[in-house]
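Listed below, chain by chain, are the residues.
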Amino acid sequence: MLSVAWHTLRARWAAFAGSFVALALGVALLTVMGQALAASLDAPERAPERFAAAPVVVRGQDTLRVTTSTGERTKELARPRQVPAEIVAALRALGPVTQDRSFPVRAYGAPAAPDDLVGHPWSTARFAPYRLTAGRAPSAPDEVATSGDWATVGTRLHTADGPLRVVGTVATVSGPGPGTGLGLGLGLGLEHAVFYPDAQAARLAPESTQLVVEADAAAVRAAVKDEGQDGDEDGDEDVRILTGDARRLADADPGRDAEALTALNALFGTAGGVTAFVSVFVVASTFAFAVDRRRREFGLLRTAGATPGQIRRTVLAEALLIGTLASATGCVLGTYAAPHLAELVVDGGLAPKWYAIGGPSAGVWPYHLAFWTGLLVALCGALAASWRAGRTAPAQALREASVDGRALTLGRRACGTALLLTAGALLAYTLAADPGELLHRKSYISRPLLLITAVALLSPLTVRPLVPRLPGAVGLLARAGAVTGVRRTAAVAAPVLVTVALAGSLLGATATIGAARAAEVRQQTVADFVVTPRDGTTLRAEALEKLRQVPGTVVSASSATTVFTLEDGVALVKSEARAADPALLATTVRLPVTAGRLTDLDDGSIVVTEEWARHRVGQRVRVWLGDGTPRTLRIAAVLSIGTGDNGAYVTPANAGGGGGGVDRVDVRVRTGGDPAAVGARLRTVDGVRVTSRTQWVRAALPQTNRTTRLGMLLVLGIALLYTGISVANTLAMAAAERRADLTALRRAGATSGQILRLAATEALIAVAVGTLLGLLVTVVNLTGLSAALHLLSAPPSIVLPWQALTWTTAACALLATTTAVTSTTPALRPPRS
């Protein structure tokens, strides 16, 4: 069988070229994704940066620990607690204590100023260690020293806290830091530091959550233990003592690398899954069409005495040869492509600078996974085709007509129907059990695949009803060719269906959810103006007081915080929340209350959403505030879930340490007031950004982040690439077998132009069928998403991405017509005499 299969491949290589290319590219992508995942499994542990030369760092507790019946549960607090005063006093007896403070700085008027400036006390600079490269240390309140090369001595900066003057620049010391034994030369790519005099830094950031103790670590632990704390490096109730490599936990966002890699895992995992789905879809479709076109060949083999089993083994042997060669080729291509993908994601800001793909650290498992997956895809794709080939009767050798007989086999009809019913049942179950699941990115990417497969299997049934009557002789012949060659038409339409359905479902889902969120903001915003900090941090107390003094207004200030609760007594859940005065809040927002009253919120209660396991009004619930403080609060009201942006509400007394300051002020103009005058007065306050209600709603429209956008472009690019391969392969095979038909048309008087128009029209008909089926899948998916929004009490809508659908359809049509005309042209040449 292998010998027959090998000779068949050599004789009919053009018929299998599409399958080979599709499979090789699929394996190459899987190889790249496997290596990318291998490179992102573990983030390297960074060495300490800001405190690399500090002997001991004492940090306020930053982890909430709750004991449950199934063990201890932990969550990272919104911000660390302050180090207790009694511990600070005990540490001062051991040696110098330097309190650290960190706060964002937004500079105006300096074009080169980075957006991520972070302020610190000058006394902490020596622990990096930094050294002055120019100028001197800051001493006056309006003087600072900066790191990096974006500013020089004498540079003037304007901030929300007033003008600043750069009097010094610093860089990190190369060489071992005192007490560390580490080689530095760090460069501190983590942040752009701005160092203030200590007194000014304490005024701008009164809270200090960590400090440096210049004393022996053992003495520090003993002093902390004497104050009733354990103080080990695993953390305890109040403080953590950090030494050695653990000092990196005192740097800003020490887990940023792991978070970035998690996003990359999701991106590459999604792309790999879609690659596997589309490749098996294309390979199966190509093999099925190739087997159908070889009915006469298999009939001759049966007439010569070949058994059905031998025919099936021949087809599977062909798939085995193609799969082996294509998978090996794909692994080689993936090896060379992987480093370029790493450069792409690093340059795009989606991965840390250190991220790299390939090399010995990747191991061999990505190659094994890609190779054997590709081989399995080839065999699975040929399995159904081999069964049909084995059923070929000897009489097929005498059949010359090109009219398709039974275009939809009983097995394909049963499988398609079963998948269609399964897709409907899963959608109904999800809507009944957890409609919010449909709003997650992983759901609206994976869920359409089942429906796409079902519709593609049943697509031959739709060809005749969807193909319209076209005018003219070319139109009449094109429709007749599309209807009589149902399998050919369905084979071209299937990859178009995949591409259009993925584009419509993915982009339409994000647009639909975005429109619902914008509608939610529009419904909930009652204030005439929304005031936020210009630097994106929090409002200063002076600015907030000036806002409250604007006459003729109702001013409601709120701050972001978090609350934690135990779900079912075993799962510690973190919920976003806002702290606000309930009396003022009710006059400036219109929250979607489903039970209770917002005005009943007080210092002993909380407003929750329907996501909470316990959501009955009047029931008392155990919560932990943003700083880990335990509270038992009464549920005053329950909000609908909506699109997921609705969160809990507490009063400022329950903001805890997680309340980082006021970051939003809603301002409503009283009856009879002049909105224009109020807006002008609000804009005179320094350090704020004032937006009208219309501007706030417009700005609230969610924007797709870079990772999601790149992931969707990658998925759609894969689908479009496979569509081109499948369409080109199918039309090329069909044109090669229609030489006799085209010759008959030429003898009947048809011109070369008419025959080319006929081929292009047939290709466009198939594209139109695939586009209509893809739109049908899109509408069904988005209808399910809209139903979920309705059940979540969010504004339901359906937004079709017409621009993306138009471009996708145009690309498919261009590919199909170009291939049809190109593959038909050789058949028009006169035969050699």
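Just so you know, the residues in each chain are numbered from 1, in the order the chain's sequence is written. Where totals are concerned, whole chains, interfaces and linings use all residues; where local detail is concerned, this predicted model gives features only for residues with pLDDT of at least 70, and gives and counts side-chain atom pairs only at 80 or more. The side-chain figures draw on all heavy atoms in the structure; neither hydrogens nor water molecules are used.

### Considerations on the overall build of the chain
Then, in step 1: A count of helices and strands for the chain gives 22 helices and 23 strands.
Then, in step 2: Relative to its 833 residues, the chain shows a buried fraction of 50%.
Then, in step 3: Working rule for contacts: check all heavy atoms of both residues, and any pair within 4.5 Å makes them a contact. Nonlocal contacts in the chain, meaning residues at least 24 apart in sequence, comprise 80% of its contacts between residues at least 6 apart.
Then, in step 4: Shrake-Rupley sampling with a 1.4 Å probe provides the accessible areas, and residues are treated as covered by the protein chains on show and by no other component. For the chain, the accessible surface area stands at approximately 36800 Å², while carbon and sulfur atoms represent 59% of it. Strands here mean DSSP runs of E at least two residues long; helices mean DSSP runs of H or I at least four residues long; both are numbered from the N terminus. Each residue is assigned to one of three classes by its accessible area relative to the maximum for its type, calculated with a 1.4 Å probe on protein chains only: buried under 20%, partly exposed between the two thresholds, exposed over 50%.

### With respect to a nonpolar patch on the surface
Then, in step 1: Together, Leu41, Trp365 and Leu369 make up a nonpolar patch on the protein surface, roughly 320 Å² of accessible area in all.
Then, in step 2: Within the secondary structure layout, Leu41 lies in the loop between α2 (13-39) and β1 (56-60). Without a salt bridge and with relative accessible area above 30%, a residue can belong to a patch; like charges are then joined within 9 Å and nonpolar side chains (Val, Leu, Ile, Met, Phe, Trp, Tyr) within 5 Å. Should a side-chain nitrogen of Lys or Arg be within 4 Å of a carboxyl oxygen of Asp or Glu, the pair is scored as a salt bridge.

### Looking at the pattern of salt bridges
Then, in step 1: Tallied over the full model, the rule gives 11 salt bridges.
Then, in step 2: Of the charged contacts, one joins Arg65 and Glu72 as a salt bridge, the two residues approaching to 3.7 Å between their closest N and O atoms.
Then, in step 3: Classification of Arg65 by relative accessible area gives partly exposed; the value is 34%.

### Digging into the confidence of the model for the chain
Then, in step 1: Per-residue confidence from the predictor is given as pLDDT, running between 0 and 100. Per-chain confidence: the chain averages 81 in pLDDT, with 84% of residues scoring 70 or above.
Then, in step 2: Segment residues 175-189 is flagged for pLDDT under 50; beyond a separation of four residues in sequence, or across chains, it makes 32 contacts in the model.
Then, in step 3: Here residues 230-236 is modelled with pLDDT under 50, and outside its nearest four sequence neighbours on either side it reaches 19 contacts, counting other chains as well.

### Comments concerning the packing of aromatic side chains
Then, in step 1: Two aromatic rings, drawn from Phe, Tyr or Trp (for Trp, its six-membered ring), form a pair once their centres lie within 6.5 Å of each other, and the interplanar angle then sorts them: stacked below 30 degrees, edge-to-face above 60, tilted otherwise. Tallying each qualifying case throughout the model produces four aromatic pairs.
Then, in step 2: For the pair Phe103 and Tyr196, a centre-to-centre distance of 5.4 Å together with 55° between the ring planes defines the contact as tilted. Of the two residues, Phe103 is situated in strand β5 (residues 103-105) and Tyr196 in strand β11 (residues 192-196); the sequence distance between them amounts to 93 residues.
Then, in step 3: When its relative accessible area of 6% is taken as the criterion, Phe103 is described as buried.
Then, in step 4: A residue is classified by how much of its surface remains accessible, and Tyr196, at 2% relative accessible area, is buried.
Then, in step 5: With a centroid separation of 5.1 Å and 90° between ring planes, the pair formed by Phe371 and Trp372 is classed as edge-to-face.
Then, in step 6: An aromatic cluster of at least three residues, connected via ring pairs, comprises Trp122, Tyr130 and Phe195.

### Remarks on helix α8 (residues 308-347)
Then, in step 1: Given a rise of 1.5 Å per residue, 40 residues ought to cover 58 Å, and the 56 Å separating the end C-alpha atoms of α8 matches this to within 8%.
Then, in step 2: Bending of α8 peaks at approximately 35° at the position of Ala337, with proline Pro339 no more than four residues after it. Take the number of residues in a helix, subtract one, and multiply by 1.5 Å to get its expected span. To get the bend at a residue, fit one axis to the 7 residues ending there and another to the 7 starting there, then take the angle between the axes.

### Observations regarding the sheet that holds strand β13 (residues 239-242)
Then, in step 1: Two strands pair if DSSP finds at least two bridges between them. In space, the four strands of this open sheet follow the order β4-β12-β1-β13, with antiparallel pairing throughout. The open sheet is flanked by β4 (97-100) and β13, the only strands paired with a single partner. Averaged over all pairs of adjacent strands, the angle between their axes in this sheet comes to 20°, without regard to strand direction.
Then, in step 2: Relative to β13, β1 runs antiparallel, the two being bridged by four bridges. Paired with Arg59 across the bridge in β13 is Arg240.
Then, in step 3: In this fold helix α5 (residues 217-226) packs onto β1, β12 (210-213) and β13, with an angle of close to 170° to the strand it touches most, β13. With axes taken as lines fitted to C-alpha atoms, and helix axes fitted only over the stretch in contact, angles between N-to-C directions fall between 0 and 180 degrees.

### Points about the pairing of strand β3 (residues 71-76)
Then, in step 1: With six bridges joining them, strand β2 (residues 63-68) and β3 adopt antiparallel strand pairing. The residue of β3 that forms the bridge with Thr63 is Glu76.

### Remarks on the nonpolar core
Then, in step 1: Residues grouped as a nonpolar core are buried Ala, Val, Leu, Ile, Met, Phe, Trp, Tyr and Cys residues, joined through side-chain atoms within 4.5 Å. Grouped together as the largest cluster of nonpolar side chains are 58 residues, with contacts concentrated most on Leu264, Phe268, Val345, Tyr355, Ile452, Leu497 and Leu502.
Then, in step 2: Going through the elements one at a time, α2, α6 (256-293), α8, α11 (441-457), α13 (472-484), α14 (486-524), α19 (706-737) and α21 (752-791) are the ones with two or more residues in this core.
Then, in step 3: The leading source of residues in this core is α6, at 10 residues.
Then, in step 4: Ranked by size, the runner-up nonpolar core spans 18 residues in total, among them Leu544, Val550, Val665 and Val685.

### Things to note about unusual backbone geometry
Then, in step 1: Omega for the bond connecting Ala128 with Pro129 falls within 30 degrees of zero, at -5°, which places this linkage in the cis form.
Then, in step 2: Examined against the element boundaries, Pro129 turns out to sit in the loop between β6 (117-121) and β7 (130-135).
Then, in step 3: At Ser793, a position not held by glycine, the phi torsion is positive, near 65°.
Then, in step 4: Considering the arrangement of structural elements, one finds Ser793 in the loop between α21 and α22 (802-824).

### A short note on the packing of α13 against α14
Then, in step 1: Relative to each other, α13 and α14 sit at 90°, their axes nearing to 4 Å. Judged by the inter-axis angle, α13 sits roughly perpendicular to α14. On α14, the residues that touch Gly481, Ala482, Val483 and Thr484 of α13 are Val486, Arg488 and Thr489.
Then, in step 2: Residues that form the contact of α13 with α14 fall into these classes: three nonpolar, three polar and one charged. If an angle is under 35 degrees, it is roughly parallel; if it is over 145, roughly antiparallel; if it lies from 65 to 115, roughly perpendicular; otherwise it is oblique. Think of it as three bins: nonpolar holds Ala, Val, Leu, Ile, Met, Phe, Trp, Tyr, Cys and Pro, charged holds Asp, Glu, Lys and Arg, and polar takes everything else, Gly as well.

### Observations regarding a positive patch on the surface
Then, in step 1: A contiguous patch of positive charge, built from Arg522, Arg590, Arg668 and Arg693, is present on the exposed surface.
Then, in step 2: Tracing the backbone through its elements, the reader meets Arg668 in strand β22 (residues 662-669). Here Asp and Glu are counted as negative and Lys and Arg as positive; His is not counted, and neither are the chain ends. We put the charge of a Lys on NZ, of an Arg on CZ, of an Asp on CG and of a Glu on CD.

### So, α13
One turn of an α-helix holds 3.6 residues; hence residues three or four places apart share an orientation.
Then, in step 1: Its 13 residues place the ends of α13 18 Å apart at the C-alpha level, agreeing with the 18 Å of an ideal helix rising 1.5 Å per residue.
Then, in step 2: Considered for burial, the residues of α13 that qualify are Val474, Gly475, Ala478, Arg479, Gly481, Ala482 and Val483.
Then, in step 3: Lining the buried residues of α13 we find α12 (460-466), α14 and α21.

### Some remarks on the environment of Glu567
Then, in step 1: With respect to the helices, strands and loops of the structure, Glu567 is situated in strand β15 (residues 553-567).
Then, in step 2: Put simply, Glu567 and Trp612 are 45 residues apart on the chain and 7.5 Å apart in space, counted from C-alpha to C-alpha.

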